[in-house]
Amino acid sequence: MPPLLELEHVSKHFGGVMALRDVDFTLLPGEIHGLVGENGAGKSTTMKIIAGVHTDFDGVMKIRGKEVRLRSARDALSNSIGMVHQELSIVPDLTVAENVFLGNQPLTPLGTVDWSRMNREAKRLIASLGLEIDPTTTMGTLPVGLQQLVELSRVLFSGAQIIILDEPTSALSPPEVKQLFAVLRRLRSEGRSIVFISHFLDDVLAISDRVTVFRNGQKVTTADTKTLSKDDVISHMIGRGSKGMHMGEEAELRGDDAKPVVLSVDGVSDGRSLRDFSIDLRAGEITGVYGFMGSGQIELSRALFGKLPLRRGTISLDGKPVRLRSTAAARAKGIAFVPENRRMMLFRQEPVYKNVSISILDRIHRLFVKPQVERKITEGHIKDLQIRPPRTGIALGSLSGGNQQKVALAKWLTHLPKVLILSEPTRGMDVGAKEDVIRIVKSLRDRGVAVLVLSTEPETILTLADRVTVISKGMVAKRFSTGHIEKADLLAAA
Ligand SMILES: Nc1ncnc2c1ncn2[C@@H]1O[C@H](COP(=O)(O)OP(=O)(O)OP(=O)(O)O)[C@@H](O)[C@H]1O
Ligand SMILES: [Mg+2]
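Keep in mind that this is a model prediction, so the values were computed, not measured.

Q: Would you explain the overall build of the chain in this entry?
A: A tally of regular secondary structure across the chain gives 17 helices and 22 strands. The C-alpha radius of gyration computed for the chain amounts to 25 Å, which stays within 12% of the reference 23 Å derived for 494 residues, consistent with globular compactness. Considering only C-alpha atoms, the chain reaches an extent of 70 × 55 × 45 Å along its principal axes. Looking at the chain as a whole, 43% of its 494 residues are labelled buried.

Q: What exactly am I supposed to notice about the packing of helix H5 (residues 144–156) against helix H6 (residues 174–189) here?
A: To describe two helices that pack against each other, one gives the angle between their axes and the distance between the axes. H6 packs onto H5 with a crossing angle of 5° between their chain directions and a minimal axis gap of 12 Å. Compared by their axis directions, H5 and H6 come out roughly parallel. Along its contact with H5, which presents Gly 145, Leu 149, Leu 152 and Leu 156, the element H6 presents Glu 176, Leu 180, Val 183 and Leu 187. A class-by-class count of the residues in the contact of H5 with H6 yields six nonpolar, one polar and one charged.

Q: What am I meant to see in the sheet that holds strand E5 (residues 66–68) here?
A: The strands making up a sheet associate through hydrogen bonds between their backbones, and the pairing can be parallel or antiparallel. Across the sheet, which stays open at both edges, the four strands sit in the order E2-E1-E4-E5 with antiparallel pairing between neighbours. Only two strands of the sheet have a single neighbouring strand rather than two, namely strand E2 (17–27) and E5. Here the strands of the sheet are splayed against their neighbours by 30° on average, with no regard to which way each runs. Alignment of strand E4 (residues 58–63) against E5, held across three bridges, turns out to be antiparallel. The residue bridging Met 61 from the neighbouring strand is Val 68, located in E5. Against the sheet, helix H1 (residues 43–50) engages strand E1 (5–14), E2 and E4, with an angle of about 60° to E2.

Q: How do you make sense of the site of ligand 1 when you look at a structure like this?
A: Around ligand 1 lies a shell formed by Phe 14, Val 17, Ala 19, Gly 37, Asn 39, Gly 40, Ala 41, Gly 42, Lys 43, Ser 44, Thr 45 and Gln 86. For the shell around ligand 1, the secondary structure elements donating two or more residues are E2 and H1. With three residues, the top contributor of residues to the shell around ligand 1 is H1. Here the residues of the shell around ligand 1 are counted per class, giving four nonpolar, seven polar and one charged.

Q: Could you clarify how one ought to interpret helix H13 (residues 371–385) in this entry?
A: Residues lying three or four places apart along an α-helix face the same way, a consequence of the helix completing one turn every 3.6 residues. With 15 residues, H13 extends 21 Å from end C-alpha to end C-alpha; this agrees with the ideal 21 Å at 1.5 Å per step. Buried within H13 we find Glu 374, Thr 378, His 381, Ile 382 and Leu 385. Projected down its long axis, H13 shows its buried positions confined to an angular sector of 105°, all on one face. What points out from H13, more than 90 degrees from its buried face, is the exposed set Gln 372 and Lys 383. Looking one or two residues beyond H13, the residue adopting positive phi is Gln 386, at roughly 55°.

Q: Help me understand the pairing of strand E17 (residues 335–338), please; the structure alone is not making it clear to me.
A: The two faces of the sheet receive side chains in turn, since in a regular strand these alternate between them. Burial along E17 is two-sided: the residues Ile 335 and Phe 337 and Ala 336 and Val 338 are all buried. Alignment of E17 against strand E18 (residues 419–423), held across four bridges, turns out to be parallel. Within E18, the residue paired with Val 338 across the bridge is Leu 422.

Q: Help me out: how do you make sense of the confidence of the model for the chain in this one?
A: Detailed conclusions should not be drawn from predicted coordinates in areas where pLDDT is low. When pLDDT is averaged along the chain, the result is 86; 92% of the residues meet or exceed 70. Under a pLDDT of 50 for its full length, residues 360–367 has, in the predicted model, 10 contacts with residues more than four places off or in other chains.

Q: Explanation requested: the environment of Val 437 in the structure shown.
A: You can see Val 437 is positioned in helix H15 (residues 431–446). Judged by the 24 C-beta atoms lying within 10 Å of it, Val 437 is buried. Spatially, the C-alpha atoms of Val 437 and Gly 159 are 50 Å apart, while their sequence positions differ by 278 residues. Those residues in contact with Val 437, other than ones at most four positions away along the chain, are Gln 405, Lys 406, Leu 409, Pro 425, Thr 426 and Met 429.

Q: I would appreciate a short explanation of the sheet that holds strand E20 (residues 467–472) in the present structure.
A: Taking strand neighbours across the sheet as the criterion, the six strands line up as E17-E18-E19-E14-E20-E21 in an open arrangement whose pairing is mixed. Unpaired on one side and paired on the other, E17 and strand E21 (475–480) mark the two borders of the sheet. Averaged over all neighbouring strand pairs, the angle between strand axes comes to 20°, with direction disregarded. One ladder, built from five bridges, connects E18 with strand E19 (residues 450–455); its direction is parallel. Paired with Leu 420 across the bridge in E19 is Val 451.

About the thresholds
- Residues numbered from 1 in each chain as written.
- Chains lettered and ligands numbered in written order.
- Predicted model: local features only at pLDDT ≥ 70, side-chain atom pairs only at ≥ 80, totals over all residues.
- Helix = DSSP H or I, 4+ residues; strand = E, 2+ residues; numbered from the N terminus.
- Rg over C-alpha atoms; globule rule 2.2 N^0.38 Å.
- Buried ≥ 20, exposed ≤ 12 C-beta atoms within 10 Å, placed from the backbone.
- Axes fitted to C-alpha atoms, helices over the stretch in contact; angles between N-to-C directions.
- Parallel < 35°, antiparallel > 145°, perpendicular 65-115°, else oblique.
- Contact = placed C-beta atoms within 7 Å.
- Nonpolar A, V, L, I, M, F, W, Y, C, P; charged D, E, K, R; others polar.
- Pairing = 2+ DSSP bridges.
- Near = placed C-beta within 6 Å.
- Expected span 1.5 Å × (residues − 1).
- Arc of directions from axis to C-beta.
- pLDDT = per-residue confidence, 0-100.

So this is what it looks like as structure tokens:
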């Protein structure tokens, strides 16, 4: 049988960035095709070419052996190609039914929207996914997992022959994943072809007929799933065996149970994103929590600040249960937080020195802050941290992202917290800035701070952590406390 779809020698660059290099890819009729690779490997870019989102690329795309050049996503749809994107594209203010039929509402003979038909149809489609949702519910009020399912139903039942799902299960619970898989198998039996992109390798191996692995913008291999073990897939993803290990690809853990527990999370559940999750943070240790996007890290940090309503479980500080209702309340108890979205915590229009001194204002003078004093303290830090340019008076927003992150950390150097929680501390940084941040975090640890690092990047975890907990679908998947671990161990556990 000729392939339903082919890419030949496809390359794509964004400005100076080469995102795809000479990629060949085939999709057969009636197959579920898994697509895996590390962050930035080129999975979404390849599929966006097929779905008509990126129209400017080198190489050839063929449908049923005939060369095509799609001009838009709409053009792709009329060629029976539908894609659910990695980022949810729902409209929170519209109803569930309106979202399902976005831009495609059934009309009455008079040309107005046929609401009763739309609601009826939406209810039927959603029921096919095993869900009972009132189609007139406002989308934004549903939990993220249900929003994801509604979004999926839009493309799954659009009648498309080629269905591309980019990370469809990141917010789904295990029973919802099972339900989705049943639908995918049914669609396959109708002869439709499905591309399934996921970081959950077990899911990919369970659902796919064939698997394609990407690494660094190139296709590494396409193989029958039957012939692949999870270890094989991981080896292809990270290129193991081709050359030695690099920095951040392995670590010697040195968790020490003799160190006192400062903060303890015990069996917390919110009924969805966290399931019976426990972790202890010890003084003078960096504890890493590794997991894919959507596996519960964000919710864990929210739970620590009382921002996630918990159904079960306790959080204790120095052995006493606490409820921290805000980051300010937490700070008063010695818990510092640097979120992944650093902009939330910084004042971009204000000069650098104000951003640094903000946490130590109490110590200088609460009401009458002398800029000279603030600047003086900040200047010391700027030198220690090699913040560039080394000027305290310029607006924070004019610094690069990496240097802004250093400012966010600098706040805590003078006023040592008991617990420091860092979400994605080195994301998007260049090598030099990364090294500075790593040095600062380790020095805080060495001064006795209990540090929690939450990250979706194995390298970040392996470079920083003394012990690691892998979180998967809100649960503890594995703990590593001592001894040698490698990136492949983390990927395999998640
Ligand atoms: N619109 C864009 N502009 C500039 N660069 C881009 C754009 N989209 C993707 N890239 C770059 O292309 C490369 C491949 O990205 P892509 O999104 O395809 O990765 P991916 O395999 O889907 O990763 P992930 O698992 O993180 O979703 C990356 O280096 C990315 O930064
Ligand atoms: Mg992607």
